[in-house]
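# A look at the structure
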Amino acid sequence: MLEVNGVNSFYGKAQVLNDLNFTVDRGTVVALLGRNGAGKTTTMKSIMQLVRPRQGKIIYQGQDITGWPSHKVARNGLGYVPEERRIFTQLTVMENLEVGRQPPRDGCTTWTEDMVFDLFPNLAERRHNRGKALSGGEQQMLTIARTLMGNPAFILLDEPSEGIAPVIVEQMARVILQLKAEGLTVLLSEQNLHFAQAVADGVVIIEHGTQKFVGTLAALQSQPEIRDQYLSV
Ligand code: ATP
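Every value quoted in this text rests on a predicted model; they were computed, and no experiment measured them.

Rules behind the numbers
Residues numbered from 1 in each chain as written. Predicted model: local features only at pLDDT ≥ 70, side-chain atom pairs only at ≥ 80, totals over all residues. Heavy atoms only, no water. Phe/Tyr/Trp six-rings, centres within 6.5 Å; stacked < 30°, edge-to-face > 60°. Helix = DSSP H or I, 4+ residues; strand = E, 2+ residues; numbered from the N terminus. Buried < 20%, exposed > 50% of the residue type's maximum accessible area, 1.4 Å probe, protein only. Polar contact = N/O pair within 3.5 Å; in protein donor to acceptor, adjacent residues only side chain to side chain. Contact = heavy atoms within 4.5 Å. pLDDT = per-residue confidence, 0-100. Near = heavy atom within 4 Å. Areas by Shrake-Rupley, 256 points an atom, 1.4 Å probe, with all protein chains shown as cover.

### Overview of the packing of aromatic side chains
- All chains considered together, the criterion is met by one aromatic pair.
- Ring plane angle 85 degrees and centroid distance 6.2 Å describe the contact between tyrosine 60 and phenylalanine 154, whose orientation is recorded as edge-to-face. With tyrosine 60 in strand β4 (residues 55-60) and phenylalanine 154 in strand β7 (residues 154-158), the pair connects residues that are 94 residues apart, well separated along the chain.
- Owing to a relative accessible area of 0%, tyrosine 60 belongs among the buried residues under this scheme.

Structure (C-alpha coordinates):
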(Lines give C-alpha, C1' and ligand atoms only; values in the text may rest on other atoms or scores of the structure.)
Protein backbone atom coordinates (compact mmCIF):
# COMPACT_ATOMS: atom_id res chain seq x y z
CA MET A 1 0.00 0.00 0.00
CA LEU A 2 2.85 2.37 0.89
CA GLU A 3 6.40 2.15 -0.40
CA VAL A 4 9.26 4.21 0.96
CA ASN A 5 11.75 3.88 -1.82
CA GLY A 6 15.36 5.01 -1.36
CA VAL A 7 14.37 8.10 0.61
CA ASN A 8 16.99 10.69 1.62
CA SER A 9 15.80 13.78 3.48
CA PHE A 10 17.65 16.83 4.70
CA TYR A 11 17.16 19.87 6.91
CA GLY A 12 19.22 22.41 5.05
CA LYS A 13 22.61 20.79 4.56
CA ALA A 14 22.13 18.22 7.31
CA GLN A 15 21.14 14.81 6.02
CA VAL A 16 18.64 13.23 8.40
CA LEU A 17 17.41 10.19 6.44
CA ASN A 18 19.76 7.89 4.52
CA ASP A 19 18.28 5.64 1.89
CA LEU A 20 15.21 4.37 3.71
CA ASN A 21 13.47 1.43 2.04
CA PHE A 22 10.44 -0.25 3.48
CA THR A 23 6.83 -1.06 2.67
CA VAL A 24 3.64 -1.03 4.66
CA ASP A 25 1.07 -3.57 3.45
CA ARG A 26 -2.63 -2.79 3.44
CA GLY A 27 -4.39 -3.62 6.69
CA THR A 28 -1.22 -4.02 8.74
CA VAL A 29 0.29 -2.07 11.62
CA VAL A 30 3.96 -1.18 11.21
CA ALA A 31 6.00 0.35 14.03
CA LEU A 32 8.85 2.68 13.19
CA LEU A 33 11.21 2.28 16.13
CA GLY A 34 14.28 4.20 17.17
CA ARG A 35 15.68 6.34 19.92
CA ASN A 36 15.17 10.05 20.37
CA GLY A 37 16.37 11.91 17.28
CA ALA A 38 16.68 8.76 15.13
CA GLY A 39 14.56 10.28 12.37
CA LYS A 40 11.09 8.84 13.03
CA THR A 41 9.23 12.14 12.77
CA THR A 42 11.22 13.11 9.68
CA THR A 43 10.24 9.79 8.07
CA MET A 44 6.56 10.55 8.70
CA LYS A 45 6.94 14.09 7.45
CA SER A 46 8.73 12.80 4.34
CA ILE A 47 5.79 10.49 3.63
CA MET A 48 3.36 13.40 4.07
CA GLN A 49 5.61 15.68 1.97
CA LEU A 50 5.90 18.10 4.89
CA VAL A 51 9.61 17.47 4.36
CA ARG A 52 10.42 16.90 0.69
CA PRO A 53 12.72 13.91 0.15
CA ARG A 54 15.75 15.08 -1.81
CA GLN A 55 16.15 11.63 -3.33
CA GLY A 56 13.84 8.65 -3.51
CA LYS A 57 10.13 8.19 -3.85
CA ILE A 58 7.03 7.69 -1.80
CA ILE A 59 4.60 5.41 -3.61
CA TYR A 60 1.07 5.23 -2.23
CA GLN A 61 -1.43 2.81 -3.76
CA GLY A 62 0.77 2.50 -6.81
CA GLN A 63 1.00 6.26 -7.33
CA ASP A 64 4.16 8.33 -6.93
CA ILE A 65 3.14 11.07 -4.48
CA THR A 66 6.64 12.54 -4.10
CA GLY A 67 6.55 16.30 -4.48
CA TRP A 68 2.78 16.56 -4.03
CA PRO A 69 1.52 19.35 -1.77
CA SER A 70 0.81 17.89 1.69
CA HIS A 71 -2.88 18.80 1.58
CA LYS A 72 -3.23 16.73 -1.59
CA VAL A 73 -1.48 13.79 0.10
CA ALA A 74 -3.97 14.09 2.98
CA ARG A 75 -6.92 14.32 0.59
CA ASN A 76 -5.70 11.13 -1.01
CA GLY A 77 -6.36 9.21 2.21
CA LEU A 78 -3.27 9.63 4.39
CA GLY A 79 -4.07 10.99 7.85
CA TYR A 80 -1.15 12.31 9.92
CA VAL A 81 -1.31 12.67 13.70
CA PRO A 82 1.78 14.63 14.75
CA GLU A 83 3.49 14.18 18.09
CA GLU A 84 2.47 17.60 19.32
CA ARG A 85 -1.28 17.64 19.85
CA ARG A 86 -3.02 19.85 17.38
CA ILE A 87 -6.46 20.56 18.71
CA PHE A 88 -8.34 23.82 18.82
CA THR A 89 -8.30 24.61 22.51
CA GLN A 90 -11.12 27.17 22.30
CA LEU A 91 -13.44 24.81 20.43
CA THR A 92 -15.46 22.02 22.04
CA VAL A 93 -14.76 18.34 21.36
CA MET A 94 -17.74 18.25 18.95
CA GLU A 95 -16.52 21.36 17.14
CA ASN A 96 -13.00 19.94 16.84
CA LEU A 97 -14.46 16.81 15.23
CA GLU A 98 -16.51 18.90 12.82
CA VAL A 99 -13.35 20.69 11.68
CA GLY A 100 -11.85 17.33 10.67
CA ARG A 101 -14.85 16.09 8.70
CA GLN A 102 -14.23 15.22 5.05
CA PRO A 103 -16.49 13.65 2.42
CA PRO A 104 -16.79 9.83 2.36
CA ARG A 105 -14.00 8.00 0.55
CA ASP A 106 -14.44 4.85 -1.56
CA GLY A 107 -13.36 1.72 0.25
CA CYS A 108 -12.89 3.50 3.61
CA THR A 109 -14.95 3.71 6.76
CA THR A 110 -17.05 6.89 6.90
CA TRP A 111 -16.60 8.02 10.48
CA THR A 112 -19.35 9.72 12.47
CA GLU A 113 -19.11 11.37 15.88
CA ASP A 114 -20.89 8.37 17.43
CA MET A 115 -18.33 6.00 15.93
CA VAL A 116 -15.36 7.95 17.25
CA PHE A 117 -17.06 8.19 20.64
CA ASP A 118 -17.40 4.38 20.65
CA LEU A 119 -13.66 4.25 20.11
CA PHE A 120 -12.89 6.95 22.71
CA PRO A 121 -15.58 6.81 25.43
CA ASN A 122 -13.78 9.49 27.49
CA LEU A 123 -14.36 11.97 24.67
CA ALA A 124 -18.07 11.14 24.59
CA GLU A 125 -18.41 12.27 28.19
CA ARG A 126 -16.58 15.49 27.37
CA ARG A 127 -18.18 16.26 24.04
CA HIS A 128 -19.31 19.74 25.11
CA ASN A 129 -16.06 20.64 26.88
CA ARG A 130 -13.51 22.87 25.24
CA GLY A 131 -10.23 21.39 24.10
CA LYS A 132 -8.30 23.26 26.76
CA ALA A 133 -10.25 21.49 29.53
CA LEU A 134 -9.06 18.05 28.40
CA SER A 135 -6.15 16.11 29.88
CA GLY A 136 -3.07 15.46 27.74
CA GLY A 137 -4.25 11.93 26.99
CA GLU A 138 -7.71 13.17 26.01
CA GLN A 139 -6.17 15.79 23.73
CA GLN A 140 -4.12 13.04 22.11
CA MET A 141 -7.30 11.02 21.56
CA LEU A 142 -9.09 14.03 20.15
CA THR A 143 -6.25 14.60 17.67
CA ILE A 144 -6.65 11.01 16.46
CA ALA A 145 -10.45 11.25 16.48
CA ARG A 146 -10.36 14.42 14.40
CA THR A 147 -8.04 12.76 11.88
CA LEU A 148 -10.44 9.81 11.63
CA MET A 149 -13.26 12.22 10.72
CA GLY A 150 -11.29 12.76 7.48
CA ASN A 151 -11.97 9.06 6.61
CA PRO A 152 -8.33 8.06 6.00
CA ALA A 153 -7.28 4.74 4.52
CA PHE A 154 -3.84 5.05 6.09
CA ILE A 155 -3.02 6.70 9.38
CA LEU A 156 0.39 7.85 10.62
CA LEU A 157 0.65 8.18 14.40
CA ASP A 158 3.74 9.90 15.73
CA GLU A 159 4.54 8.55 19.21
CA PRO A 160 0.93 7.93 20.28
CA SER A 161 1.96 6.63 23.71
CA GLU A 162 4.35 9.48 24.53
CA GLY A 163 3.61 11.48 27.67
CA ILE A 164 0.31 9.87 28.57
CA ALA A 165 -0.72 7.90 31.65
CA PRO A 166 -0.21 4.09 31.57
CA VAL A 167 -3.93 3.36 31.66
CA ILE A 168 -4.43 5.60 28.60
CA VAL A 169 -1.49 3.87 26.87
CA GLU A 170 -3.37 0.57 27.20
CA GLN A 171 -6.46 2.19 25.77
CA MET A 172 -4.40 3.60 22.89
CA ALA A 173 -3.14 0.11 22.05
CA ARG A 174 -6.73 -1.16 21.95
CA VAL A 175 -7.71 1.73 19.69
CA ILE A 176 -4.92 0.91 17.22
CA LEU A 177 -6.06 -2.70 17.04
CA GLN A 178 -9.65 -1.53 16.49
CA LEU A 179 -8.49 0.73 13.65
CA LYS A 180 -6.78 -2.25 12.08
CA ALA A 181 -10.00 -4.26 12.47
CA GLU A 182 -11.80 -1.41 10.63
CA GLY A 183 -9.44 -2.02 7.72
CA LEU A 184 -7.12 0.94 8.26
CA THR A 185 -3.42 0.65 7.64
CA VAL A 186 -1.28 2.12 10.41
CA LEU A 187 2.30 3.40 10.62
CA LEU A 188 3.24 4.46 14.12
CA SER A 189 6.47 5.67 15.61
CA GLU A 190 7.70 4.64 19.03
CA GLN A 191 10.80 4.79 21.16
CA ASN A 192 9.75 1.93 23.31
CA LEU A 193 9.39 -1.61 22.09
CA HIS A 194 6.81 -2.48 24.73
CA PHE A 195 3.95 -0.56 23.10
CA ALA A 196 4.92 -1.73 19.61
CA GLN A 197 4.85 -5.33 20.78
CA ALA A 198 1.20 -4.99 21.72
CA VAL A 199 0.06 -3.74 18.31
CA ALA A 200 2.56 -4.15 15.47
CA ASP A 201 2.79 -6.74 12.72
CA GLY A 202 5.94 -5.29 11.20
CA VAL A 203 8.86 -3.30 12.54
CA VAL A 204 11.33 -0.85 11.01
CA ILE A 205 14.22 0.22 13.24
CA ILE A 206 16.16 3.34 12.41
CA GLU A 207 19.20 4.89 14.00
CA HIS A 208 20.79 8.16 12.87
CA GLY A 209 18.41 8.12 9.92
CA THR A 210 19.65 4.74 8.71
CA GLN A 211 17.54 1.64 8.62
CA LYS A 212 18.93 -1.11 10.84
CA PHE A 213 16.19 -3.71 10.73
CA VAL A 214 13.05 -4.36 8.67
CA GLY A 215 10.93 -7.40 9.38
CA THR A 216 8.13 -8.89 11.39
CA LEU A 217 7.78 -8.40 15.11
CA ALA A 218 8.36 -12.13 15.52
CA ALA A 219 11.64 -11.90 13.59
CA LEU A 220 12.80 -9.04 15.82
CA GLN A 221 11.92 -11.00 18.93
CA SER A 222 14.16 -13.82 17.78
CA GLN A 223 17.09 -11.36 17.49
CA PRO A 224 17.41 -9.83 20.96
CA GLU A 225 20.86 -8.38 20.11
CA ILE A 226 19.26 -6.01 17.57
CA ARG A 227 16.64 -5.00 20.09
CA ASP A 228 19.27 -4.32 22.74
CA GLN A 229 21.52 -2.37 20.39
CA TYR A 230 18.98 0.04 18.94
CA LEU A 231 16.05 0.32 21.32
CA SER A 232 15.28 1.31 24.85
CA VAL A 233 13.46 -1.60 26.43
P1 ATP B 1 11.93 12.28 18.58
O2 ATP B 1 11.61 11.05 19.27
O3 ATP B 1 12.73 13.23 19.39
O4 ATP B 1 10.77 12.93 17.88
P5 ATP B 1 12.73 11.34 15.98
O6 ATP B 1 13.26 9.96 15.85
O7 ATP B 1 11.34 11.59 15.58
O8 ATP B 1 12.96 11.83 17.45
P9 ATP B 1 13.41 13.50 14.21
O10 ATP B 1 12.52 14.46 14.91
O11 ATP B 1 13.00 13.00 12.89
O12 ATP B 1 13.73 12.25 15.15
O13 ATP B 1 14.85 14.18 14.11
C14 ATP B 1 15.94 13.57 13.42
C15 ATP B 1 17.13 14.51 13.45
O16 ATP B 1 16.82 15.70 12.72
C17 ATP B 1 17.54 14.96 14.83
O18 ATP B 1 18.93 15.00 14.87
C19 ATP B 1 16.96 16.34 14.94
O20 ATP B 1 17.73 17.13 15.80
C21 ATP B 1 17.02 16.85 13.52
N22 ATP B 1 15.92 17.79 13.22
C23 ATP B 1 14.60 17.59 13.43
N24 ATP B 1 13.87 18.63 13.00
C25 ATP B 1 14.75 19.54 12.50
C26 ATP B 1 14.62 20.83 11.89
N27 ATP B 1 13.44 21.40 11.70
N28 ATP B 1 15.78 21.44 11.50
C29 ATP B 1 16.97 20.85 11.67
N30 ATP B 1 17.17 19.66 12.22
C31 ATP B 1 16.09 18.99 12.64
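### Some points on the side chain of serine 70
- Looking at the secondary structure, you find serine 70 in helix α2 (residues 70-75).
- Reaching out from serine 70, the side chain makes a polar contact with the backbone nitrogen of leucine 50 at a distance of 3.5 Å.
- Once residues within four sequence positions are removed from consideration, serine 70 is found in contact with Met48, Gln49 and Leu50.

### Some points on the confidence of the model for the protein
- Scored by pLDDT, the protein has a mean of 94; 100% of the residues are at 70 or more.
- We note a pTM of 0.94 for the whole complex and an ipTM of 0.94 for its interfaces.

### Some thoughts on the site of the ligand
- Not every one of the 13 residues close to the ligand is listed here, only the nearest: Asn36, Gly37, Thr41, Thr42 and Glu159.
- One of the side-chain nitrogen or oxygen atoms of threonine 41 is found 2.7 Å away from an oxygen atom of the ligand.
- Between an oxygen atom of the ligand and a side-chain N or O atom of threonine 42, the distance comes to 2.5 Å.
- Protein burial of the ligand: of its 630 Å² of free accessible surface, 57% is covered by the chains.
- Ranked by residue count, the leading element in the shell around the ligand is helix α1 (residues 40-48), at three residues.

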